[in-house]
Amino acid sequence: ASTTPASWELGMGATNNLYSVPNKQVLTGVVKSPVRIGWLRAVCNVFHAFAINCFVDEIAQSLRQDPIEYHLSLLKSGDEVGGYSVDRMKTVIKKVRDFSEWNERVSTQKLGFACHHSFGSYVAAVVEAEGTKLEDLKIKKIQLTIDLGQYVNPDTVKAQMEGAAVFAMSAVYYGKIDLHEGAVVQNNFHDYQMVRAHEMPQIEVEIIDNAHPPAGCGEPGVPAVVPALVNAVSRVINK
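Description of the structure in this document. (Residues numbered from 1 in each chain as written. Predicted model: local features only at pLDDT ≥ 70, side-chain atom pairs only at ≥ 80, totals over all residues. Heavy atoms only, no water.)

1. What about the packing of aromatic side chains?
For any pair of aromatic rings, geometry is given as the distance between the ring centres together with the angle between the planes. The tally for this structure, following the rule as stated, stands at 4 aromatic pairs. Geometrically, the ring pair formed by Tyr84 and Tyr122 is edge-to-face, given 5.8 Å between the ring centres and 85° between the ring planes. Highlighted residues: Tyr84 in strand E2 (residues 84-85) and Tyr122 in strand E4 (residues 121-130), separated in sequence by 38 residues. Here Tyr122 falls in the buried class, since its relative accessible area comes to 2%. (Phe/Tyr/Trp six-rings, centres within 6.5 Å; stacked < 30°, edge-to-face > 60°. Helix = DSSP H or I, 4+ residues; strand = E, 2+ residues; numbered from the N terminus. Buried < 20%, exposed > 50% of the residue type's maximum accessible area, 1.4 Å probe, protein only.)

If you want it as structure tokens, here you go:
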């Protein structure tokens, strides 16, 4: 059994994150599992994006800076990290900022932002939460922008991004697996909770058109939505 993560696992947005900061350190630990571990949609990108985006958001809050502007300030134009382009990420961030009308809404509404690159694609997300406390919280809107290079059917791209939003919400709300005597208790969707129709927010997707080679579409939405949702929830709790 492996006791250390593979380089490609750490390369899913951790060691190759795009922020231009002077010092980066990645720590790992060993956790023994009584059951076989399988793949989750977007794999290691999910928790890497969660940790980095939420941390950057906390720094922006402590500095009393706009989260999107702070993210942009950490991205140095012209850089390429692990084959990923900082300029393409900045384009996606600016697109979702304009598309979501972030600047006009951020002072009055509880918005969360996050971005991530994975599987050759770049995604930025803005999530709007409503409510005054955690008990009455509701996710009202999720807006996504993706640059996946060349694509054929925009409806397929949007459907995948909408599905990623559902998957991400389900993971944040209900992502629980129980073990009993070395086996997973949950069997199917009757006892593994997913978000239902009455919980669904409005989802809007914008696609960047360019001539770059085609990249991933099925997984890249999840890593951006999870921290954006958590950052929006943070504003519900802290306001």
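2. Here we look at the environment of Ser121
Looking at the element boundaries, Ser121 is found in strand E4. For the pair Ser121 and Ile207, spaced 86 residues apart in the sequence, the C-alpha separation amounts to 11 Å. Ignoring anything within four residues of it in the chain, the contact list for Ser121 reads Tyr84, His116, Ile146, Asp147, Leu148, Ala215, Gly216 and Pro220. (Contact = heavy atoms within 4.5 Å.)

3. Details of the pairing of strand E8 (residues 202-207)
The alternating pattern of E8 places Ile203, Val205 and Ile207 on a buried face and Gln202, Glu204 and Glu206 on a face that is not buried. Strand direction decides the pairing type here: strand E5 (residues 138-147) and E8, joined by 6 bridges, are parallel. Counted as the bridge partner of Ile146 is Ile207 from E8. (Pairing = 2+ DSSP bridges.)

4. Here's the deal with the sheet that holds E4
Strands sit in the order E3-E4-E5-E8 across an open sheet of 4 strands; the sheet is mixed. The sheet terminates laterally at strand E3 (110-118) and E8, the two strands that pair on one side only. Geometrically, the sheet is characterised by an average inter-axis angle of 15° between neighbouring strands, direction not taken into account. Here 9 bridges tie E4 to E5, and the two strands are oriented antiparallel to one another. What sits directly across from Val127, in E5, is Ile142. Running at roughly 160° to E3, helix H7 (residues 221-238) makes contact with E3, E4 and E5 of the sheet. (Axes fitted to C-alpha atoms, helices over the stretch in contact; angles between N-to-C directions.)

5. A word on the side chain of Lys141
Positionally, Lys141 belongs in strand E5. If near-sequence neighbours (up to four positions away) are discounted, Lys141 is found in contact with Arg105, Val126, Val127, Glu128, Pro201, Gln202 and Glu204.

6. Regarding the environment of Thr132
On the secondary structure map, Thr132 appears in the loop between E4 and E5. Look at Thr132 and you get exposed, because its relative accessible area is 61%. Considered as a pair, Thr132 and Lys239 are 107 residues apart in the sequence and their alpha carbons are 8.0 Å apart.

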